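Descriptive structure summary
The primary structure of each chain is shown beneath.
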Amino acid sequence: MKEKDVMLTVTGLKQLEEELTQLKTVKRRQVAERIKQAIEFGDISENSEYEDAKNEQAFIEGRILTLEKMLRNAKIIDDENLGNEVVSLGSKVILKDLEFGDELEYTIVGSVEADPDANKISNESPVGKAILGQPKGNIVEVNVPAGVLKYEIVDILR
């Protein structure tokens, strides 16, 4: 079965590569040292330090495998050549909420980089799906569990 492409910006790619390097070079050593110290305490069958360190080691190794898979399947969003005619991955979009009149600014990114607190929304989210491929000035309807939201695409920036 073909693995799913992971859409990343150049910044997102660098962040994942840095996290992978940190886990492989620093975190692995730290947890190995914790395991070694816990073993030195003696009986590991009732040693909570040992159990905790082994659990952290399993988490780190799992995260390393996940990151390696993501990087193997990474497709870089070419935000240097983005136009501002239609919303696409990497676009910064200003939306106007037609119900409340609020203006919202989002950057459309792949699901791996999505961070609503930083106004980065996934192309797979309801709003992301609704506005992808839409030109400036269009009004889009977004189906959400609470009903239907209506947004006007006010501007598309690079």
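Residues numbered from 1 in each chain as written. Predicted model: local features only at pLDDT ≥ 70, side-chain atom pairs only at ≥ 80, totals over all residues. Heavy atoms only, no water.

So, about the overall build of the protein. Across its full length, the protein holds three helices and seven strands. Helices (α) and strands (β) of the protein occur, in sequence order from the N terminus, as β-α-α-β-β-β-β-α-β-β. Its C-alpha atoms give the protein a radius of gyration of 22 Å, clearly above 15 Å, the size a compact globule of 158 residues would have. The burial tally for the protein puts 31% of its 158 residues in the buried class. Within the protein, contacts between residues at least 6 apart in sequence are counted, and of these 50% link residues at least 24 apart. As displayed, the protein offers around 10,000 Å² of accessible surface, 49% of which is attributable to carbon and sulfur atoms. Within the protein, one finds 21 positive and 31 negative side-chain charges whose respective centroids are separated by 5 Å. (Helix = DSSP H or I, 4+ residues; strand = E, 2+ residues; numbered from the N terminus. Rg over C-alpha atoms; globule rule 2.2 N^0.38 Å. Buried < 20%, exposed > 50% of the residue type's maximum accessible area, 1.4 Å probe, protein only. Contact = heavy atoms within 4.5 Å. Areas by Shrake-Rupley, 256 points an atom, 1.4 Å probe, with all protein chains shown as cover. Lys, Arg positive; Asp, Glu negative; His and termini not counted. Charge placed at Lys NZ, Arg CZ, Asp CG, Glu CD.)

It is worth spelling out the pairing of strand β6 (residues 139-144) at this point. As paired strands, β6 and strand β7 (residues 147-157) are joined by six bridges and run antiparallel to one another. What sits directly across from V142, in β7, is L149. As consecutive antiparallel partners, β6 and β7 are separated by two residues. (Pairing = 2+ DSSP bridges.)

Turning to the sheet that holds strand β5 (residues 120-122), a few remarks are in order. Spatially, five strands are ordered β5-β4-β3-β7-β6 in an open sheet, and the strand pairing comes out mixed. At either end of the open sheet lies a strand with only one pairing partner, and these are β5 and β6. Strand-to-strand twist in this sheet, taken as the mean axis angle between neighbours without regard to direction, amounts to 45 degrees. (Axes fitted to C-alpha atoms, helices over the stretch in contact; angles between N-to-C directions.)

This part is about the pattern of salt bridges. Oppositely charged side chains are able to pair whenever their charged atoms sit close together. All told, the structure shown has nine salt bridges when counted by the stated rule. Linking R34 and E56 is a salt bridge whose minimum nitrogen-to-oxygen distance equals 2.2 Å. Here R34, found in helix α1 (residues 10-40), pairs with E56, found in helix α2 (residues 48-72); they are 22 residues apart in sequence, far enough to count as distant. (Salt bridge = Lys/Arg side-chain N within 4 Å of Asp/Glu carboxyl O.)

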